[in-house]
Amino acid sequence: MTDRKTNVPRKWDVVVIPGYCKNCTLCVEICPTKVLEMNEYNQIAEVVNLDVCTGCKLCEMLCPDFAIEVRETATEALEEDPAPS
Ligand code: SF4
Ligand code: SF4
């Protein structure tokens, strides 16, 4: 996903708080780009494909246990092309 005004790619970090996750699988089912899966050993949601996260925040909004946080990180442009000093 890119910023509409600048066309700069946007990046996201998705954090699952293991102690809050109640294994309902809702986030895995609703994520449109399949970023999340249930860990087969502890049955807690985990991030498996962060690169395709669009930052839609559906998982964060719909998790019934407030176990997911989606944060925007630095853009690729800022990381690859830092301002001259
Ligand atoms: S929606 Fe929330 S509680 Fe349900 S599996 Fe995902 S992180 Fe866990
Ligand atoms: S923010 Fe959207 S794309 Fe990213 S993990 Fe959550 S539901 Fe999936």
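Calculation rules
- Residues numbered from 1 in each chain as written.
- Chains lettered and ligands numbered in written order.
- Predicted model: local features only at pLDDT ≥ 70, side-chain atom pairs only at ≥ 80, totals over all residues.
- Helix = DSSP H or I, 4+ residues; strand = E, 2+ residues; numbered from the N terminus.
- Buried ≥ 20, exposed ≤ 12 C-beta atoms within 10 Å, placed from the backbone.
- Near = placed C-beta within 6 Å.
- Nonpolar A, V, L, I, M, F, W, Y, C, P; charged D, E, K, R; others polar.
- Core = buried A, V, L, I, M, F, W, Y, C linked by C-beta atoms within 7 Å.
- Contact = placed C-beta atoms within 7 Å.

Peer 1: Help me out: how do you make sense of the overall build of the protein in this one?
Peer 2: Of regular secondary structure, the protein possesses 3 helices and 4 strands. Put simply, the protein runs from its N terminus to its C terminus through helices and strands in the order β-α-β-β-α-β-α. Considering the protein as a whole, with its 85 residues, one finds that 14% of them fall into the buried category.

Peer 1: Would you explain the site of ligand 2 in this entry?
Peer 2: Neighbouring ligand 2 are 15 residues; C31, V35, C53, C56 and C59 lie closest to it. Listing elements by their share of the shell around ligand 2, those giving two or more residues are β1 (11-16) and α2 (58-62). The residue inventory of the shell around ligand 2, partitioned by class, reads 11 nonpolar, 3 polar and 1 charged.

Peer 1: I tried to follow the nonpolar core on my own but got confused; where do I start?
Peer 2: Across soluble globular proteins, nonpolar side chains have a tendency to be buried as a group. Among the nonpolar cores identified, the biggest contains 12 residues, and these are V14, C21, C27, C31, V35, L36, A45, C53, C59, C63, A67 and I68. Non-local contacts of C59, meaning those with residues more than four positions away in its chain, are made with C27, I30, C31, L36, I68 and V70.

Peer 1: Which parts of the structure should I look at to understand the site of ligand 1?
Peer 2: In the vicinity of ligand 1 lie 13 residues, with C21, C24, C27, C63 and A67 positioned nearest. Here the shell around ligand 1 is built from residues that sort into 9 nonpolar, 2 polar and 2 charged.

Peer 1: Looking at this structure, I do not really get unusual backbone geometry. What am I missing?
Peer 2: Glycine aside, the phi torsion of most residues is negative, and most peptide linkages are trans. You will see that Q43, though not glycine, has its phi angle at about 55°, which is positive. Tracing the sequence through the fold places Q43 in the loop between β2 (36-38) and β3 (45-47). In this model, F66 sits at a positive phi of 55°, which is unusual for a non-glycine residue. The topology assignment puts F66 in the loop between α2 and β4 (68-73).

Peer 1: Mind showing me how you'd approach the environment of V47 here?
Peer 2: Among the secondary structure elements, V47 is positioned in strand β3. Along the sequence, V47 and E37 sit 10 residues apart, while their C-alpha atoms lie 6.6 Å from each other. Setting aside chain neighbours within four positions, we find V47 in contact with V14, V16, V35 and L36.

Peer 1: Whenever I open this one, the environment of I17 confuses me. Can you help?
Peer 2: Looking at where I17 falls in the secondary structure, it is placed in the loop between β1 and α1 (26-30). Linking I17 and A67, residues 50 residues apart in sequence, is a C-alpha distance of 5.0 Å.

Peer 1: Is there a simple way to explain the environment of L50 in this structure?
Peer 2: Relative to the assigned elements, L50 resides in the loop between β3 and α2. With 17 residues separating them in the primary sequence, L50 and T33 have C-alpha atoms 9.4 Å apart. Those residues in contact with L50, other than ones at most four positions away along the chain, are V14 and V35.

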